[in-house]
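Letter by letter, the chains look like this.
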Amino acid sequence: MEQLYKEAIMDHYKHPHNYGLTKEPDFSAKEDNIFCGDSIVITLKTKNNKIKEVGFQGEGCVISQATASMLTDHIKGKTLKSIGLLTVKDAIRLLGVSLSPSRMKCAELPLIAIKKALKLA
Amino acid sequence: MHHLSIEKIRNDFPILKTKTKGKPLIFLDNASTSQKPAIVIRAVDEFYKKYNSNIHRGLYGIAERATKEYEETRKVVADFIGAKDSAEIIFTSGTTEAVNLTAFSWGEKNVKRGDNIITTVSEHHSNFVPWQQLAKRKKANFLVSPILADGTIDQNSLLKLITNKAKLIAITYISNVLGTINPIGSIIQAIRKKNKNAKILIDGAQAVPHLPINVKLLDCDFLVFSGHKMLGPNGIGTLYAKREILENMPPFLYGGHMVKAVNIKDAAFNDVPWKFEAGTQNIAGVIGLKTAINYLKSVPDKEISHYLQEITQYAVAQLLTIPGITIYGKTGGKGRIGTISFNIKGAHPHDLAQILGNNNICVRAGHHCAMPLHRALGIASSIRASFYIYNTKEEVEILKKTLLKARRILNN
């Protein structure tokens, strides 16, 4: 079996959580991976410096889309400060697999978009 | 080509005997780079072991041997592409440097404000961006011709762009994405009929490894190609240009050996081709290139082209049986080489390539350095399998089987 394409990841890819854009978001950003053409749009609402709502829309590979699904789950209720400290390693930890350097960009894409939206980058 | 001779060819490539996690290497990224036969690796090795020295300088035995091998390669390359004069062969680091040399030397001197530089949407970035940027520097117009549905250059549209303002037309012989062979000879003739002064540069990076080429018959002004895509080492390529054009081009890089005499106020430049080869050259690469060309010549043209056509037709036909597949460009086996770009519905190219890669099947996923073409095709990326002389029908079958498996993993 292809270790990277294990059930938990494929489940997030095929049935992504938080898919769809938030209405009247406080923050939003679009980020593209020019290497493969993948793109992601992130929309967020905050309350008391914490994430209240998050939604994303995107087109991309299993890794970028599953990471977006998991990461948007992960940041709900978190403070902006703690989101600012997230790194690509945290995104990969959520996926629970090891990635080759060329695929790290895929996992990083949603994180870059989130930080860009929240002006944390 | 008989089964026996393909086995013989495969036997010449050490890397094809390697395995990763028990799986044999299936190398289908030949449009990106080709593998090297042992004889080429040995030639490079022998240079460093037995006569490593600088060319055109040392008055000692090994330097004389290195110089002889280096200059002989120029003749071998000239002969391989039908150039009349080996001084028309300039060694570069590859296709990219060859195009940039032309843009910075010929282009800077000859292109003026308001001139037209014309190319096509199907170009590799290396035959696109240098011209786009030259046009910006010179305030010239950068005109991009579309392609037809089958991926060939839209000749009507291209020819409409050829007016008396056309200064340079830079087009590819074979698309590095679609594998389509452009009828470059007749395109050149048609351009010349509309404007006999415009210069024509042909990107031969994909064509020279696959087709017999004769620059005299083609009547192109420039031809650029890389050694590493035709069994040669990395970091060596060729700029061919007609001698009278080279004579009138200023140097691109200044330094050692490209000068005849230097005084404090000025310098007298060397003759063509050395005027364009400043500094210590990639001597091992040049010697490796000669060996690669001699290796290619040892297999008769007809046998190579017949075998490559056969495997192309087979691969296209087999891939077309995959549900949800779209092959870009020509979907028959004719008028194309075995560089096949496709997408499978519901499966991202990177995921497909990764699953193939896990099975030691090497393909490329992405835009293959041709973003304007991908945009014209209305896609962000594609997956590309590209075949060369050592690939087999068995490999096509394994590719197809693994793609079907990947599709199941990604789609269900």
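Here the structure is a predicted model, which means the values were calculated and not measured.

Asker: Would you mind showing me how to read the domain arrangement of chain B here?
Answerer: Interface size is commonly expressed as the accessible area that is lost once the parts come together. Residue and element names in this part refer to chain B. Per the domain assignment, the segments of chain B are domain 1 (3-30 + 300-411) and domain 2 (42-296). The straight-line distance from the C-alpha centre of domain 1 to that of domain 2 is 28 Å. The interface is formed by 19 residues belonging to domain 1 together with 22 residues belonging to domain 2. Those elements that place two or more of their residues in the side of domain 1 that touches domain 2 are helix H11 (301-319), strand E14 (339-344) and helix H13 (371-377). Taken together, the residues that form the side of domain 1 that touches domain 2 break down as 9 nonpolar, 6 polar and 4 charged.

Asker: What is the right way to read the environment of Phe269 of chain B from this model?
Answerer: All names here are of chain B. Within the secondary structure layout, Phe269 lies in strand E12 (residues 267-269). Along the primary structure Phe269 and Gly366 are separated by 97 residues, whereas in three dimensions their C-alpha atoms are 43 Å apart. Apart from the residues within four sequence positions on either side, Phe269 is in contact with Pro251, Met258, Val259, Lys260 and Lys275.

Asker: Would you explain the interface of chain B and chain A in this entry?
Answerer: Opposite the 12 residues of chain B that make contact, chain A presents 11 residues. Those elements that place two or more of their residues in the side of chain B that touches chain A are helix H12 (349-358) and helix H14 (393-411) of chain B. Sorting elements by how many residues they give to the side of chain B that touches chain A places H12 of chain B first, with 5 residues. In the side of chain B that touches chain A, the residues fall into 4 nonpolar, 7 polar and 1 charged.

Asker: Help me understand the sheet that holds E14 of chain B in this model?
Answerer: Picture the strands of a sheet paired through backbone hydrogen bonds; they go either parallel or antiparallel. All names here are of chain B. A sheet is described by the order of its strands in space; here 4 strands give the open sequence E13-E14-E17-E16, paired in antiparallel fashion. Pairing within the sheet leaves two strands with one partner each, and these edge strands are strand E13 (325-327) and strand E16 (364-366). Across the sheet, the axes of successive neighbouring strands diverge by a mean angle of 30 degrees, strand direction being ignored. Pairing geometry for E14 and strand E17 (residues 382-386), over 4 bridges, is antiparallel. Bridging across to E17, Ser341 finds its partner in Arg384. Strand contacts of H11: E13 and E14, with the helix running at about 5 degrees to E14, the strand carrying the most contacts.

What counts and what doesn't
Residues numbered from 1 in each chain as written. Chains lettered and ligands numbered in written order. Predicted model: local features only at pLDDT ≥ 70, side-chain atom pairs only at ≥ 80, totals over all residues. Domains from an automatic or database assignment. Contact = placed C-beta atoms within 7 Å. Helix = DSSP H or I, 4+ residues; strand = E, 2+ residues; numbered from the N terminus. Nonpolar A, V, L, I, M, F, W, Y, C, P; charged D, E, K, R; others polar. Pairing = 2+ DSSP bridges. Axes fitted to C-alpha atoms, helices over the stretch in contact; angles between N-to-C directions.

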